[in-house]
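Here's the letter readout for the chains.
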Amino acid sequence: MAAGPENVPPFIAAQLSHLLSHFRLTVKVEQMWSSDKYNSGPLDRFTLLIPYCLDFIKWDIIFDVESPYAAPDVIFGPEDEHFHPFHMHPASPDPSFSNCLSDWNYKDPSRLLTLIQFLRDQYVLYQRKRVGEVDDDRLKFEISTILSREGIEMHMSSGAEKSEEVKFAVPLLDMNINKMVSCCSWRYSQKIYLQVVYPVGRKYMTAPSAPRLKLVSSPELKAVFSIDDVKLPSWVDGMCLAEYLPNLEEYLGKQVLEAVSLIEVRRHFIEALANPFGRPVEADPVFCRKATFLAASGVFTFLVHFLIPTQFPKQQPTIMLQSSQHFNSQMAPIKSRPISDYPWSPRWEPLQMAERICEFLADEALNFKRQCSEGQVQ
Amino acid sequence: MDDPPLQKIAISGPTLASLIQRFSTSPSAIHGLLYGHVTDLPATLSDDAAVEASPTLLATVTAFLSSPDPHLSAAAVPTHSAPFLGWFSARRRSPLRPSMREFSLTTSLSSQSQSPNPKPSPFIFLLLASPPSDPSHIHTHEYRAFQFCGGRFEPRSLDVVNIGPAFRGHYGAFSPSSPLPPLRYGPPRGSPMSDDGEERLGRLKQAAKDQRKLDACADGFDVGRLSRMMGSEAKSYTEGLEELYQKMLLKIENLTCLVEKTSAMVLEQLMWSAVTPDVVMSAKIAEKTHCQFDPSGKLTFGNFVDKRLESLAEALVE
């Protein structure tokens, strides 16, 4: 099997790398393969995983190594057989985008990105149209009240094996979290979404049941704010999404602001730790979730790792000791278990926290030293 | 302008086979046009009223025209003896679903092909592909047929029509239209011993002669004896058969001897013409045949020609 980026023809590699590094969402390439009978030729087709509605859509992009001047072809997923992006509005097909295929220029590396962006936008409209065609009064009402929200995405899933349901991905909080965290290194804009799933086709039910609700955030946000700690407000019978969302957003907005303000609290704590331990060997300057100090007890030298939770100071940091003199049989430095059962009070001043930890470690260091000399290979 | 729905699509075995052959030997994807005819299936009688509404049209693909050029256009549809039915696309290692381009092409082709026709005819699309993940030395060909109607692909079953008892139903609607051959009746002219009879005798003689020739080839192994190869006798019969094979081998050996001799003779003739009185000419030929004249005027050959020929040439030069 031929694999590896060296086998991708340059005219495809340029388009693909531009797409992967400039698209506003995280696009992934699932697999690449060759059109050659024996799969030994250049890799000219690949499957793209494109985020949509808190899930992925898989599209196969078919280039042809025999005709590099030609625009690529796209094969959509098996459940989207009626998605025809260039025939959505039969009266007036958008000429500017027909051009993006007919005037395909393989030398311009941004062409694939333009095409995928256009196709994804059309896909949003296509799914919205499908959901709009569902014969369900509640759903029709919900759509009419929340359609004005920007960036809302819908998905209609209808598999043979599962019952029909409509999924909404509602972007929450019109605030730029990236800007709130100073010097953050996030490439993509951090967002929190509410996933709402309505089951469809149970007409006999008199009172519509509550939809399935779930908060989803971009994975990098976990460094500041853990979505799992948020308790969703309860859904009252007969409620609609437009009623539910303002309360949730208000609540969530406060939580996010608090979480961001906690970064400073953690920073003060790390600064306070520098008093008894000296300057940290390593510390996370953006989210202040980690810090490592060098400590010594007599001649025994060891590292102290602090893992500070997002709920700090309500939750105490987890401490882990790592010897700089003892190694196990795999030649890895010996580490202690994560320690989080030492004396703690969230009401202490940062300086007091640091001193109490230092006192605790003075005793713990002796235990750890004993553990090291027992576990060490001679 | 709604196309009449098809019940199914049929393709003749040889057409499909040659289509797959064309696809598997081409370096990249191929496209092309399909030709054939649309017929009414004989209606099946049923008590069920719902069956009445089921489509009874059958499209049969009988020919195709392929081109590697992706810019197909119905305006450029070459005229063919059979009516234009649709198009096909064959692409390697890709999912067996119509792609974005194929949908657009089908839309434009079907709208172009409809305009001159007063009566709407069904438009079909045949998709051939090989699976994307496939152990590299097994070649799988998959195909799906669609009817394009109302702006969407409707999958249709594809019947492969071959010749044989299983396909007799397909020829059920066939009615022979050729006239009866002329029958000669009335008393034969002349007596059996006239020239008519002589002619018949000549034919019999010829047949007997042919049979003798055939028998000589079979070396006594006539059809009757071959039947003994089956059943309990077969074991003892193998010896006889081996003998036959020996004889056949001998014959082949004789034949190769003959071939060898004749080719030697051909080479000799070449040398005859090479050693012409024209010295310049012969020098040219010698150059071509890797021979050379030595100073004494003798012709010496490259060592690929045997001695016998050399002596022959010497005699000629003298």
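Here's what I pulled together on the structure shown here. (Residues numbered from 1 in each chain as written. Chains lettered and ligands numbered in written order. Predicted model: local features only at pLDDT ≥ 70, side-chain atom pairs only at ≥ 80, totals over all residues. Heavy atoms only, no water.)

**Observations regarding the packing of aromatic side chains**
Residue and element names in this part refer to chain A.
Phase 1: For the structure shown, the criterion picks out 39 aromatic pairs over all chains.
Phase 2: Ring geometry for Y123 against Y126: centres 5.8 Å apart, planes inclined by 40 degrees, an arrangement best described as tilted. Here Y126 and Y123 lie together in helix α3 (residues 111-132), a separation of three residues that amounts to about one turn.
Phase 3: Since its relative accessible area comes to 8%, Y126 is described here as buried.
Phase 4: Among the aromatic residues, those joined into a cluster by ring pairs are F269, F277, F293, F306, F312, Y342, W344, W348 and F360. (Phe/Tyr/Trp six-rings, centres within 6.5 Å; stacked < 30°, edge-to-face > 60°. Helix = DSSP H or I, 4+ residues; strand = E, 2+ residues; numbered from the N terminus. Buried < 20%, exposed > 50% of the residue type's maximum accessible area, 1.4 Å probe, protein only.)

**Structural notes on the interface of chain A and chain B**
Interfaces are often described in size by the accessible area the parts lose on coming together.
Phase 1: Facing the 28 residues of chain A at the interface are 24 residues of chain B.
Phase 2: Among the residues of chain A in contact with chain B, A:K37, A:D73 and A:I75 are the three that bury the most area, contributing 26% of the side total.
Phase 3: Taken together, chain A and chain B are joined by one salt bridge.
Phase 4: One salt bridge connects B:R97 with A:D60, and the closest N-O pair in it is separated by 3.9 Å.
Phase 5: The tally of links from chain A across to chain B stands at eight residue pairs in polar contact (both at pLDDT 80 or more). (Contact = heavy atoms within 4.5 Å. Buried area = accessible area lost by both parts, 1.4 Å probe. Salt bridge = Lys/Arg side-chain N within 4 Å of Asp/Glu carboxyl O. Polar contact = N/O pair within 3.5 Å; in protein donor to acceptor, adjacent residues only side chain to side chain.)

**Looking at the layout of surface pockets**
All names here are of chain A.
Phase 1: Here the largest pocket is characterised by a volume of approximately 1200 Å³.
Phase 2: Taken together, 34 residues line the largest pocket, and the ones lying closest to its centre are L25, L54, S189, K191 and Y193.
Phase 3: Every element with two or more residues in the lining of the largest pocket is listed here: β2 (43-52), β3 (55-62), α3, β6 (165-172) and β8 (212-217).
Phase 4: The element contributing the most residues to the lining of the largest pocket is α3, with four residues.
Phase 5: For the lining of the largest pocket, the residue count by class is 16 nonpolar, five polar and 13 charged.
Phase 6: Looking at which domains feed residues into the lining of the largest pocket, each of domain 1 (1-131) and domain 2 (134-272) gives three or more. (1 Å grid on protein atoms, 1.4 Å probe; cavity = no way out; pocket = protein on both sides within 12 Å on 5 of 7 lines; lining within 4 Å. Points joined across faces, edges and corners; volume = space filled by probe spheres on them. Nonpolar A, V, L, I, M, F, W, Y, C, P; charged D, E, K, R; others polar. Domains from an automatic or database assignment.)

Any link to function would need more than the numbers given here.
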